[in-house]
Amino acid sequence: MGSHAASAQGRLDAHYEATLAGIPVGKGSWAIEILDDTFSAAAQGGTSGLLKAFAGGSGTGAAQGRVVNGALVATNYQATTTSSKKSEAIHMVLANGSVKEFGIDPEPPVDPDRVVVTDAHRRNVFDPMTGSMLRVPGTSDPLSPEACHTGAAIFDGRLRYDLKLDFKRMETVKAEKGYAGPVVVCAVYFSPVAGYIPDRPVIKYLSAQRNMEIAFAPVLGTRILVPFRMVIPTPLGVAMLEATQFITTATPPRVAKTQ
């Protein structure tokens, strides 16, 4: 197990397009590098087309951390969102799955209706980026129904929520550039835990949703699966984020000289 786990290395260079009811509304990119004992992931994106006229915005996110027995353990997470109205930056420092320090700049006003996030809520959690990268234990093909038999506790600096996955189907996909092959499609169920305002329509809507799904594709050279496509039905039509480019390569492990 040890030497095999240590040599799992790979990288991903992906581009995504977001559509709402079939109309392009945004674009983004995601770069992931998984090495012997460390990993990094960085994403950026923005609204485009019709949506930009209403609420132009852009965002970035990044996570870094260690690889421990094949699992991704984040140490840092940062995210920024910028719109015509405001900019916001979130940072988080984690250790062994617990949030040691976090902040939002500028600090949001206290809302008495918001469910309070306690210290206990910030233990045994993932940041949203690391939490979206599935690690499939074992030695069999990671692309299997078992990959969906999981869930994650997520804290994004404001909201603490649980995501539960369930197997839906296997499928074959083809990006315009890069990956062509099987994906495992998981149903996704969202449960807010803390940090949210119970009366917010979006929270109620997401909690009641039973048709959200994510199709996961592999990062070559690793046992990590990442989203290739996400589908969320909305009152305005289906919102979808799908990879147009998904270039993934296994990185050969650095080996000691044999000669």
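Residues numbered from 1 in each chain as written. Predicted model: local features only at pLDDT ≥ 70, side-chain atom pairs only at ≥ 80, totals over all residues. Heavy atoms only, no water.

Chemist: Looking at this structure, I do not really get the confidence of the model for the protein chain. What am I missing?
Modeler: In low-pLDDT segments, the atomic positions of the prediction should not be examined closely. Mean pLDDT over the protein chain: 91, with 92% of residues reaching 70 or higher. pLDDT under 50 marks residues 1-6. Its contacts with residues more than four places away, or in other chains, come to four contacts. (pLDDT = per-residue confidence, 0-100. Contact = heavy atoms within 4.5 Å.)

Chemist: Just checking my understanding: could you explain the pairing of strand β3 (residues 38-47) for this structure?
Modeler: Consecutive residues of a regular strand have side chains that alternate between opposite faces of the sheet. Two strands pair when backbone bridges link them, and strand β2 (residues 23-34) and β3 are joined in this way by nine bridges, in the antiparallel orientation. Looking at β3, one finds that Gly28 is bridged to Gly45. Hairpin connection, β2 to β3: the antiparallel pair is bridged by three residues. Relative to strand β4 (residues 57-68), β3 runs antiparallel, the two sharing nine bridges. Opposite Ser40, over in β4, you have Gln64 as the bridge partner. (Pairing = 2+ DSSP bridges. Helix = DSSP H or I, 4+ residues; strand = E, 2+ residues; numbered from the N terminus.)

Chemist: Explain the state of the cysteines to me, please; I cannot follow it from the model alone.
Modeler: Joining two cysteines, a disulfide is a covalent bond between their sulfur atoms. Following the criterion strictly, the structure yields one disulfide and no others. The side chain of Cys148 participates in a disulfide bridge whose partner is Cys186; the two sulfur atoms lie 2.0 Å from each other. Its torsion about the S-S bond being -75 degrees, the disulfide of Cys148 and Cys186 is classed as left-handed. Placement of Cys148 in the loop between β8 (134-135) and β9 (151-155) and of Cys186 in strand β12 (residues 180-194) is noted, with a sequence separation of 38 residues between them. On the basis of relative accessibility, which here comes to 0%, the residue Cys148 falls in the buried class. The class of Cys186 is buried, set by a relative accessible area of 0%. (Disulfide = S-S within 2.5 Å. Buried < 20%, exposed > 50% of the residue type's maximum accessible area, 1.4 Å probe, protein only.)

Chemist: Please explain the pattern of salt bridges as it appears in this structure.
Modeler: Oppositely charged side chains may form a pair once their charged atoms are brought near each other. The full count for this structure, using the stated rule, is eleven salt bridges. For the salt bridge of Glu213 with Lys168, the shortest nitrogen-to-oxygen distance reads 2.8 Å. Linking Glu213 in strand β13 (residues 213-218) with Lys168 in strand β10 (residues 160-174), this pair joins segments that are 45 residues apart in sequence. Relative accessible area serves as the criterion here: at 37%, Lys168 is assigned to the partly exposed category. Close ionic contact of Glu171 with Arg169 constitutes a salt bridge, the shortest N to O distance being 2.9 Å. By sharing partners, the salt bridges in this structure join Lys168, Arg169, Glu171, Glu213, Arg229 and Glu242 into a single network. (Salt bridge = Lys/Arg side-chain N within 4 Å of Asp/Glu carboxyl O.)

Chemist: Hey, could you run me through the pairing of strand β5 (residues 71-83) in this one?
Modeler: Bridging between β4 and β5 involves twelve bridges; their strand directions are antiparallel. Within β5, the residue paired with Thr60 across the bridge is Thr80. Hairpin connection between β4 and β5: a loop of two residues separates the two successive antiparallel strands, and Asn69 in this loop has a positive phi of roughly 50 degrees. Bridge count between β5 and strand β6 (residues 87-95): seven bridges; the pairing is antiparallel. Along β6, the bridge assignment pairs Ala79 with Ile90.

Chemist: What should I look at first to understand the packing of aromatic side chains in this one?
Modeler: Two descriptors summarise a pair of aromatic rings, namely the distance from one centre to the other and the angle between the planes of the rings. Counted under the stated rule, the structure contains five aromatic pairs. Here the aromatic rings of Phe102 and Phe155 are separated by 5.2 Å at their centres, their planes lie at 90 degrees, and the arrangement is edge-to-face. You can see Phe102 sitting in strand β7 (residues 98-105) and its partner Phe155 sitting in strand β9, a full 53 residues away along the chain. Among the residues examined, Phe102 registers a relative accessible area of 32% and is labelled partly exposed. (Phe/Tyr/Trp six-rings, centres within 6.5 Å; stacked < 30°, edge-to-face > 60°.)

Chemist: Could you clarify how one ought to interpret the side chain of Glu213 in this entry?
Modeler: Exposure remark for Glu213: the relative accessible area of 9% places this residue in the buried category. Dropping the residues within four chain positions of it, Glu213 is found in contact with Lys168, Arg169, Val185, Cys186, Ala187, Val188, Arg229, Met230 and Val231.

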